[in-house]
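Each chain is listed here by its residues.
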Amino acid sequence: MAERMQKFVSVGQKWPEKRAAADRADDFHEIYREFIAEKANEQASRCAQCGVPFCQTHCPLQNNIPDWLRMTAEGRLEEAYQLSASTNSMPEICGRICPQDRLCEGGCVIEQSTHGAVTIGAVEKYLTDTAWEKGWVAAIKPRREREESVGIIGAGPAGLAAAERLRLRGYQVTVYDRHDRVGGLLIYGIPGFKLEKDIVERRTQRLIEGGVKFVLNCNVGETISFDDLRTQHDSVLIATGVYKAKPLNAPNDQSVVKALDYLIASNRVGLGDEVAEFTSGALNAAGKRVVVIGGGDTAMDCVRTAVRQGAKSVTCLYRRDRANMPGSQREVKNAEEEGVVFEWLAAPKAVRAGKKPGVAAVRMRLGAPDASGRQSPEEVPGSEFDVVGDLIIAALGFDPEDLPEAWDALDLKTTRWGTISANPLTYATNLPGVYAAGDIVRGASLVVWAIKEGREAADAIHAYIQDRAQAARVAAE
Ligand SMILES: Cc1cc2nc3c(=O)[nH]c(=O)nc-3n(C[C@H](O)[C@H](O)[C@H](O)COP(=O)(O)OP(=O)(O)OC[C@H]3O[C@@H](n4cnc5c(N)ncnc54)[C@H](O)[C@@H]3O)c2cc1C
Ligand code: SF4
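Throughout this description, residue numbers start from 1 for each chain and increase along the sequence as written. Chains carry letters and ligands carry numbers; both start at the beginning, A for chains and 1 for ligands, and go up in the order they are written. At least 70 in pLDDT is required for a residue's local features to be given in this predicted model, at least 80 for side-chain atom pairs to be given and counted, and no such filter applies to totals for whole chains, interfaces and linings, which use all residues. Note: side-chain values were computed over all heavy atoms of the structure, leaving out hydrogens and water.

Peer 1: I keep staring at the overall build of the protein chain and nothing clicks. Help me out?
Peer 2: The helix count covers DSSP runs of H or I at least four residues long, the strand count covers runs of E at least two residues long, and both are numbered beginning at the N terminus. Across its full length, the protein chain carries 20 helices and 15 strands. What the globule rule says is 2.2 Å times the number of residues to the power 0.38, and the radius of gyration is computed from C-alpha atoms. In summary, the protein chain has a C-alpha radius of gyration of 23 Å against a globular reference of 23 Å for 477 residues, a match within 12%. Expressed along its principal axes, the backbone C-alpha trace of the protein chain runs to roughly 80 × 65 × 45 Å. Looking at the 477 residues of the protein chain, the share that counts as buried comes to 54%. When checking whether two residues touch, look at their non-hydrogen atoms; a contact exists if any pair is within 4.5 Å. Taking all contacts inside the protein chain whose residues are at least 6 apart in sequence as the whole, residues at least 24 apart take part in 69%. Summed over all atoms, the accessible surface of the protein chain reaches about 21,200 Å², with 51% contributed by carbon and sulfur. In this tally, Lys and Arg are treated as positive and Asp and Glu as negative; His is ignored, and so are the chain termini. Taken as the charge location is NZ of Lys, CZ of Arg, CG of Asp or CD of Glu. If the 59 positive side-chain charges of the protein chain are averaged to one point and the 65 negative ones to another, these points end up 3 Å apart. Think of it in three bands: with a 1.4 Å probe and only protein chains considered, a residue is buried below 20% of the maximum accessible area for its type, exposed above 50%, and partly exposed in between. Methods summary: accessible areas were calculated by the Shrake-Rupley approach with a probe of 1.4 Å, and residue burial reflects only the protein chains presented.

In structure tokens:
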């Protein structure tokens, strides 16, 4: 084994080939090509096999990375896949869209020693894509059926991870979603150039074939009441994500488009839907000068979508500098390659209409650190400037909707940020049998955290239903 590993000294870091910017600028296909088998084996062999694997501790799912890298290097691909799938419900999705530089690869010891991290995400994606191709991804076949049922509100990664785990245990699982497709932000938020939609759809199909029922176009609180769901099921999981866009709050901001409206329209068009606001041009960047305000992953997805729709120019305004932006540095680099212009340390003051439409902006500088240790941006006096733009998109983050109000469930406890208050270990809310996981508990976060929480909430729901059944048996004796 040993001579197959620890090759980081002699083998350099290599990513799967990236399509050239000119080639990828007008389609929504993923930008990285597949690893060929030899490259995946070779890159996996760079792993140092550390006694204390920091990659694993930096992965929210605690994936057993060194072991599946070793198996990959040894050509034991099916075993490597099985091991990676034992802790992750969607390894090929995480391999594509986790910000690995901040997670597993950021913790990799050979990254710290300047050799360049093992390309963990790319190997994980390769393993599971190969598993799908070779038929190693097993169907969901519960050993026995159970009569108890669980209702899951939200078909995003948290809901889907929970659905799979509960169905494997034989529960009758129904997932309710207000959208017409399954996947949450995986299908309607994240663009195809990061995650092609058939990758999400084959996961959905596997759940359907495994007996998970989906009730779509079902807005809980409107189409069906939360109380009814609680009555119909032995337990309910809330996995609704966070969708209330943070407002720009600048004069004349009525014409500003919300990032998610823009991305959903684009994803729908990609999936073959007719979208009136896209056809009318309201949510289409073609031929326009586009200004995106924000510095997170959503802003990066907007600027890169605008490039692909044929925008005349795309500018991103962010009030901090490059080093302090919340989005992935990899995505900024991709956006720059595709022609996006970044105005760092720039904040909007007002939106301009009329003959010279756009954003009136001001330069910022980073001041003293706030309570969280982050430097607060402050205006540089007299530094006002204009950015021309016919389509202004605000990507400033998301807050939770007021679920207790919308669901007429005023006793459902929330935090002061409006997220659902759930026990961090059991995911139980204050209502008996009601659990919550994913962004609606954590606030806007990452797919990998949603998967982890969905899996763990499913285990907690199983324990709850079993304990309740046991208590009923004891009471009946
Ligand atoms: C544009 C964008 C890009 C992103 N890029 C990345 C990335 O590259 N990498 C990454 O790791 N993370 C990324 N994220 C974050 C990631 O998508 C989320 O953290 C993750 O999807 C949260 O999963 P979830 O299951 O909690 O919620 P969601 O994925 O939001 O799913 C919630 C589901 O609940 C449904 N729902 C809500 N309310 C109701 C109701 N009342 N009744 C019925 N159904 C309801 C919604 O329709 C939705 O389908 C991105 C987010 C956005 C917005
Ligand atoms: S799930 Fe994400 S953080 Fe964990 S190993 Fe995979 S890519 Fe890295």
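Peer 1: Would you mind going over the site of ligand 1 with me for this structure?
Peer 2: When at least one non-hydrogen atom of a residue lies within 4 Å of a molecule or strand, that residue is treated as near it. Near ligand 1 you find 34 residues, and of these Ile97, Asp177, Lys194, Tyr243 and Asp439 are the closest. The definition of a polar contact used here is a pair of N or O atoms within 3.5 Å, where within protein one atom must be able to donate a hydrogen and the other to accept one, and adjacent residues in sequence count solely through side-chain atom pairs. Measuring from an oxygen atom of ligand 1, one finds a backbone N or O atom of Pro157 at 3.3 Å. Arg178 places a main-chain nitrogen or oxygen 3.1 Å from a nitrogen atom of ligand 1. Computed on the free molecule, ligand 1 has an accessible area of 1,000 Å², of which 97% lies beneath the protein chains in the complex. By residue class, the composition of the shell around ligand 1 is 18 nonpolar, 11 polar and five charged. Just so you know the grouping, Ala, Val, Leu, Ile, Met, Phe, Trp, Tyr, Cys and Pro go in nonpolar, Asp, Glu, Lys and Arg go in charged, and all remaining residues, Gly too, go in polar.

Peer 1: Would you mind going over the packing of aromatic side chains with me for this structure?
Peer 2: The description of two aromatic rings rests on the distance between their centres and on the angle between their planes. Working definition: a ring pair exists when centres of Phe, Tyr or Trp rings (six-membered ring for Trp) sit within 6.5 Å. Plane angles under 30 degrees give stacked, over 60 give edge-to-face, the rest tilted. Tallying each qualifying case throughout the model produces four aromatic pairs. One cation-aromatic arrangement involves Arg178 over Tyr243; the distance from NZ or CZ to the ring centre is 5.3 Å. A ring is considered to have a charge above it if a Lys NZ or an Arg CZ atom is located within 6 Å of its centre and within 35 degrees of its normal.

Peer 1: What should I look at first to understand the sheet that holds strand β10 (residues 346-352) in this one?
Peer 2: Pairing between the strands of a sheet is mediated by backbone hydrogen bonds and can be parallel or antiparallel. Any two strands between which DSSP finds at least two bridges are classified as paired. Spatially, the three strands line up as an open sheet ordered β10-β11-β12, and their pairing is antiparallel. Edge positions in the sheet fall to β10 and β12 (375-388), since each of these pairs with one other strand and no more. Within the sheet, the average angular offset between the axes of one strand and its neighbour, ignoring direction, is 20°. In this description, a line fitted to the C-alpha atoms serves as the axis of each element, helices being fitted only across the stretch in contact, and the angle between N-to-C directions of two axes falls anywhere from 0 to 180 degrees.

Peer 1: Explain the pattern of salt bridges here, please?
Peer 2: Should their charged atoms come close, side chains of opposite charge can pair. Whenever Lys or Arg places a side-chain nitrogen within 4 Å of a carboxyl oxygen from Asp or Glu, that contact is recorded as a salt bridge. Counted by the stated rule, this structure contains 41 salt bridges. For Arg167, the salt bridge identified is with Glu145, shortest N-O distance 2.7 Å. Residue Arg167 is found in helix α10 (residues 157-168), and its partner Glu145 is found in the loop between α9 (120-134) and β1 (149-153); the two are separated by 22 residues along the sequence. Residue classification places Arg167 among the buried residues on the basis of a relative accessible area of 5%. Glu145 sits in the partly exposed class, given a relative accessible area of 48%. Connected through shared salt-bridge partners, Lys18, Arg24, Arg304, Arg308, Glu331, Lys333, Glu337 and Glu338 make up one network.

Peer 1: How do you make sense of unusual backbone geometry when you look at a structure like this?
Peer 2: As a rule of thumb, non-glycine residues mostly have phi less than zero, and peptide bonds are mostly trans rather than cis. The backbone phi angle of Gln6 is positive, close to 55°, even though this residue is not glycine. With respect to the helices and strands, the residue Gln6 is situated in the segment before α1 (21-24). Phi at Gln62 takes a positive value of approximately 55°, unusual for a residue other than glycine. For Gln62, the position within the fold is in the loop between α3 (54-58) and α4 (65-73). According to the relative accessible area criterion, Gln62 is partly exposed, its value standing at 40%.

Peer 1: I would appreciate a short explanation of the site of ligand 2 in the present structure.
Peer 2: The local shell around ligand 2 consists of Cys59, Asn63, Ile65, Asn88, Cys94, Cys98, Gln100, Leu103, Cys104, Ile120, Glu124 and Val448. The class makeup of the residues in the shell around ligand 2 is eight nonpolar, three polar and one charged.

Peer 1: For this particular structure, what's the right way to read helix α5 (residues 77-85)?
Peer 2: An α-helical turn contains 3.6 residues, so a residue and the one three or four places further along point in the same direction. Among the residues of α5, those classed as buried are Leu77, Ala80, Tyr81 and Ser84. End-on view of α5: buried residues confined to an arc of 100°, all on one side of the axis. Contacts from the buried residues of α5 go to α2 (37-44), α4, α6 (91-97) and α9. Each C-beta atom gives one direction from the helix axis, and the arc is the one those directions make.

Peer 1: Explanation requested: the nonpolar core in the structure shown.
Peer 2: Side chains that are nonpolar tend, in soluble globular proteins, to be buried together. In plain words, nonpolar cores are sets of buried Ala, Val, Leu, Ile, Met, Phe, Trp, Tyr and Cys residues tied together by side-chain atoms within 4.5 Å. In terms of nonpolar packing, the biggest core is built from 96 residues, with Leu69, Ile152, Leu186, Phe226 and Ile238 touching the most fellow members. Element by element, the count of residues in this core is highest for helix α20 (residues 447-476), at eight residues. Sequence-distant contacts of Leu186, that is, excluding residues within four places in its chain, are made with Met90, Ile93, Ile97, Pro157, Leu195, Lys197, Val200 and Val447. Counting residues in hydrophobic clusters, the runner-up holds 30 residues, among them Val275, Phe278, Val314 and Met325.

Peer 1: Please explain the side chain of His179 as it appears in this structure.
Peer 2: Positionally, His179 belongs in the loop between β2 (172-176) and α11 (185-188). Taking relative accessible area as the criterion, His179 reaches 18% and is therefore assigned buried. Beyond its immediate stretch of four places on either side in the chain, His179 contacts Tyr188, Leu216, Asn217, Ile264 and Arg268.

Peer 1: It is not clear to me how helix α16 (residues 297-308) should be interpreted in this structure. Could you clarify?
Peer 2: Between its first and last C-alpha atoms α16 spans 17 Å; for 12 residues at 1.5 Å apiece the expected length is 16 Å, and the two agree. Among the 12 residues that make up α16, 10 are buried, leaving the element largely enclosed by the rest of the structure. Residues Ala299, Met300, Asp301, Cys302, Val303, Arg304, Thr305, Ala306, Val307 and Arg308 constitute the buried set of α16. Positive backbone phi, approximately 90°, marks Gly310, located one or two places after α16. In this analysis, the expected span of each helix is defined as 1.5 Å times one less than the number of residues it contains.

Peer 1: Could you clarify how one ought to interpret a nonpolar patch on the surface in this entry?
Peer 2: Two distance rules govern patches: like charges are joined within 9 Å, and nonpolar side chains (Val, Leu, Ile, Met, Phe, Trp, Tyr) within 5 Å, applied only to residues with over 30% relative accessible area and no salt bridge. Among the surface-exposed residues, Val52, Phe54 and Val109 lie close enough to one another that they form a single nonpolar patch of about 240 Å² accessible area. In this fold, Val109 is placed in helix α8 (residues 109-112).

Peer 1: Can you walk me through the packing of α9 against helix α12 (residues 197-209) in this structure?
Peer 2: If you want to describe how two helices pack, look at the angle between their axes and the distance between the axes. Running from amino to carboxyl end, α9 crosses α12 at an angle of 55°, the nearest separation of the two axes being 13 Å. In terms of orientation, α9 and α12 fall into the oblique class. In the crossing of α9 with α12, the sense of the turn from one axis to the other is left-handed. Between α9, through Thr128, Asp129 and Trp132, and α12, the contact on the second element is made entirely by Arg202, Arg203 and Arg206. Counted by class, the contact of α9 with α12 contains one nonpolar, one polar and four charged residues. When describing relative orientation, an angle under 35 degrees is termed roughly parallel and one over 145 degrees roughly antiparallel, while 65 to 115 degrees is termed roughly perpendicular and anything else oblique. A clockwise turn of the near helix away from the far one marks a right-handed crossing, whereas an anticlockwise turn of less than a right angle marks a left-handed crossing.

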